[in-house]
Amino acid sequence: MAGLLVAAVVGLHAGARAAVTTPVAKTPQVSVKASKPAKAVPPPKPVLAPPAGNLVIIGGGLRAENAEVWQRIVQLAGGKGARIGVFGSASINPENSAQNTINKLNQYGAQAFFIPLGVTLPNSDYRKAAEDPEVVALIHSATGIYFTGGDQARITKALVRPDGRHTAALDAVWDVYRDGGVVAGSSAGAAIMSTTMFYDARATLDMLKNGVNDGHEIASGLGFIGDDVFVDQHLLVRGRFARMIPVMLKKGYQIGLGIDENSAMVVNARRDVEIIGYSGALLLDLSAAITDRGIKGFNISNATISYLDRGDKFNLVTREFTPSPDKADNKLDPNQPDTREPVYTNDILGNNAVLDLMINLIDNAQQEAIGIAFGNPRDGNPDSGYEFRFSKTINSVGYSSTEVEAYSVLKLRLDIRPIVLQQPLYRYR
């Protein structure tokens, strides 16, 4: 019996068609359909290395005599003779805007040139230009890229396809950055550095009252700094720090950097941020911040705000701060404050008001300072405003320069609550 079973199995394996009679019970036949050819599995997308280059994020209003910023851009692009491609895409007149920047870069040793790509560039189809091999080759020939100021929406419109994918020109810019080149931008050119940018922004107070919406107040940026940091510009001069907060909450950013005019943040491959130029930057940290849904209107508690002055450094990965050399040995002693007067401003969104308040608080016996913001008495809601309360905590630190009157202020607590203002705000005596 066993021999017959073995013979049957061997016969089947040999392809024998003759039936083999055995005492074994028949098993039901199972029909097998011919399988379709397997579809080819697409190869995995290549893992792109982190950019080896540097960013120079300028808050706007960069003056021709600000040698520190201009020279750093040229240096990071390779030094004397560096080829820096300039995009004037944000401007209503891209070529003129780019040429002004080209002239300044060349004064500091570069060999800068115009990238002919812009929504408003005369006699040009910007969609075709963004895919043109000659334009792409021109970008690839650069060791540095510079985006001028204007309207940041024009930059993204010129460099991003309608479906959201990169154009060939934008891929080329990223290639320059990944290969170690510098990407610099001023004003609108700074706004595009994060994955979210202001698009059709209203006044700061209006955004606190009415919120921010994708496609209106905000839109997608180009994301050179990464997807974890939000960037804003013209910050101190225009009192814009407060408008960053609702955007950061909406889009999930923990860290925000706002750079002032005629100043720049240099971000290297290790994600060290160095402040250079005339002024500094505000650093917002919302990692421990909370909002109270029981309060009607925008509010936030336990946010952290810091001021990074020129020469200071901050690492976006480790969150470590390094003061400028002239402040390193001059940490403020909280037990020996310079002043004791209450600190208050009735226009916290005014020119440099937030910085003045922070500096006055950090070297003061007072533990908190208050600023308020309110609108025009002829606005629709003239009695609606906000209180900004700045408080010192055990983590708050200040540094003072030994060379000039300059301060660095770290880790003040910031709470914002809606308030009702008594109307009329004033009356004649």
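Cut-offs used in this document
Residues numbered from 1 in each chain as written. Predicted model: local features only at pLDDT ≥ 70, side-chain atom pairs only at ≥ 80, totals over all residues. Heavy atoms only, no water. Helix = DSSP H or I, 4+ residues; strand = E, 2+ residues; numbered from the N terminus. Buried < 20%, exposed > 50% of the residue type's maximum accessible area, 1.4 Å probe, protein only. Polar contact = N/O pair within 3.5 Å; in protein donor to acceptor, adjacent residues only side chain to side chain. Contact = heavy atoms within 4.5 Å. Axes fitted to C-alpha atoms, helices over the stretch in contact; angles between N-to-C directions. Parallel < 35°, antiparallel > 145°, perpendicular 65-115°, else oblique. Nonpolar A, V, L, I, M, F, W, Y, C, P; charged D, E, K, R; others polar. Core = buried A, V, L, I, M, F, W, Y, C linked by side-chain atoms within 4.5 Å. Salt bridge = Lys/Arg side-chain N within 4 Å of Asp/Glu carboxyl O. Left-handed = near helix turned anticlockwise from the far one by under 90°. Pairing = 2+ DSSP bridges. Phe/Tyr/Trp six-rings, centres within 6.5 Å; stacked < 30°, edge-to-face > 60°.

A. View of the side chain of Ser 89. Here Ser 89 shows up in the loop between strand E2 (84–87) and helix H3 (94–107). For Ser 89, a relative accessible area of 1% puts it in the buried group. Of the polar contacts made by the side chain of Ser 89, one reaches the backbone oxygen of Leu 117; its length is 2.7 Å. For Ser 89, the contacting residues outside a window of four places in its chain are Pro 94, Leu 117, Gly 118, Arg 154 and Ile 155.

B. Quick peek at the packing of helix H2 (residues 67–76) against H3. Viewed as axis vectors pointing N to C, H2 and H3 meet at an angle of 80 degrees, and their least axial separation amounts to 9 Å. Here H3 runs roughly perpendicular to H2, going by the angle between their axes. In this structure, H2 uses Trp 70, Ile 73 and Val 74 to contact H3, whose residues at the interface are Thr 101, Lys 104 and Leu 105. In the contact of H2 with H3, the residues fall into 4 nonpolar, 1 polar and 1 charged.

C. Spatial organisation of the environment of Pro 94. Along the chain, Pro 94 falls in helix H3. Taking the relative accessible area as the measure of exposure, Pro 94 reaches 0% and is therefore buried. Taking C-alpha positions, Pro 94 is 6.0 Å from Leu 121, a pair spaced 27 residues apart along the chain. Setting aside anything within four residues of it in sequence, one finds Pro 94 in contact with Gly 88, Ser 89, Phe 114, Thr 120 and Leu 121.

D. View of the nonpolar core. In this structure, Ile 57, Leu 117, Ile 139, Phe 147 and Phe 224 are the most contacted members of the largest nonpolar core, which totals 55 residues. Per-element tally for this core: the top contributor is helix H7 (residues 168–178), with 7 residues. Apart from the residues within four sequence positions on either side, Phe 224 is in contact with Leu 55, Phe 147, Leu 170, Val 173, Trp 174, Tyr 177, Val 183, Ile 192 and Met 193.

E. Region of the structure containing unusual backbone geometry. Put simply, Gln 423 and Pro 424 share a cis peptide bond, and its omega is -5 degrees. Residue placement: Pro 424 occurs in the segment after strand E20 (407–420). Residues other than glycine seldom take positive phi values, yet Lys 411 does so here, at roughly 60 degrees. When you line up the elements, Lys 411 lands in strand E20.

F. Fine view of the side chain of Glu 217. Relative to the helices and strands, Glu 217 resides in the loop between helix H9 (204–210) and strand E7 (218–220). Apart from the residues lying within four places of it in its own chain, the contact partners of Glu 217 are Met 197, Phe 198, Tyr 199, Asp 200, Ala 201, Arg 202, Met 207, Gly 211 and Val 212.

G. Quick look at the pattern of salt bridges. All told, the structure shown has 16 salt bridges when counted by the stated rule. Measuring nitrogen to oxygen at the nearest pair gives 3.0 Å for the salt bridge that ties Glu 274 to Arg 72. Here Glu 274 is found in strand E11 (residues 272–277), whereas its partner Arg 72 is found in helix H2, with 202 residues between them in sequence. A salt bridge links Arg 389 to Glu 387, with the shortest nitrogen-to-oxygen separation between them at 3.1 Å. We classify Arg 389 as partly exposed; its relative accessible area is 24%. Residue Glu 387 is classed as buried on the basis of its relative accessible area, which comes to 16%. Put simply, Asp 309, Asp 312 and Lys 327 are held in one network by salt bridges that share partners.

H. Region of the structure containing the packing of helix H5 (residues 133–140) against H7. Remark: H5 packs on H7, axes separated minimally by 9 Å, with the N-to-C direction vectors making an angle of 15 degrees. Relative to H7, the element H5 is oriented roughly parallel. Here the hand of the crossing between H5 and H7 comes out right-handed. Every residue of H7 that contacts H5 at Val 136, Ile 139 and His 140 is listed here: Ala 168, Ala 169, Ala 172, Val 173, Asp 175 and Val 176. The residue inventory of the contact of H5 with H7, partitioned by class, reads 7 nonpolar, 1 polar and 1 charged.

I. Seen up close, the pairing of strand E19 (residues 397–400). Residues Val 397 and Tyr 399 of E19 are buried on one face, and the alternating residues Gly 398 and Ser 400, pointing to the opposite face, are buried as well. When E19 meets E20, the two strands line up antiparallel, connected through 4 bridges. By the bridge assignment, Val 397 is partnered in E20 with Leu 410. Two successive antiparallel strands, E19 and E20, enclose a turn made up of 6 residues.

J. Geometry of the packing of aromatic side chains. If you walk through the whole model with that rule in mind, you get 12 aromatic pairs. Arranged with centres 4.9 Å apart and planes meeting at 35 degrees, the rings of Trp 174 and Phe 224 form a pair that is tilted. Taken as a pair, Trp 174 in helix H7 and Phe 224 in the loop between E7 and strand E8 (229–233) lie far apart in primary sequence, 50 residues in all. With centroids separated by 5.8 Å and ring planes inclined at 40 degrees, the aromatic side chains of Phe 321 and Tyr 399 adopt a geometry described as tilted. Of the two residues, Phe 321 is situated in strand E15 (residues 321–322) and Tyr 399 in strand E19; the sequence distance between them amounts to 78 residues.

That's the geometry; what it means functionally is another story.
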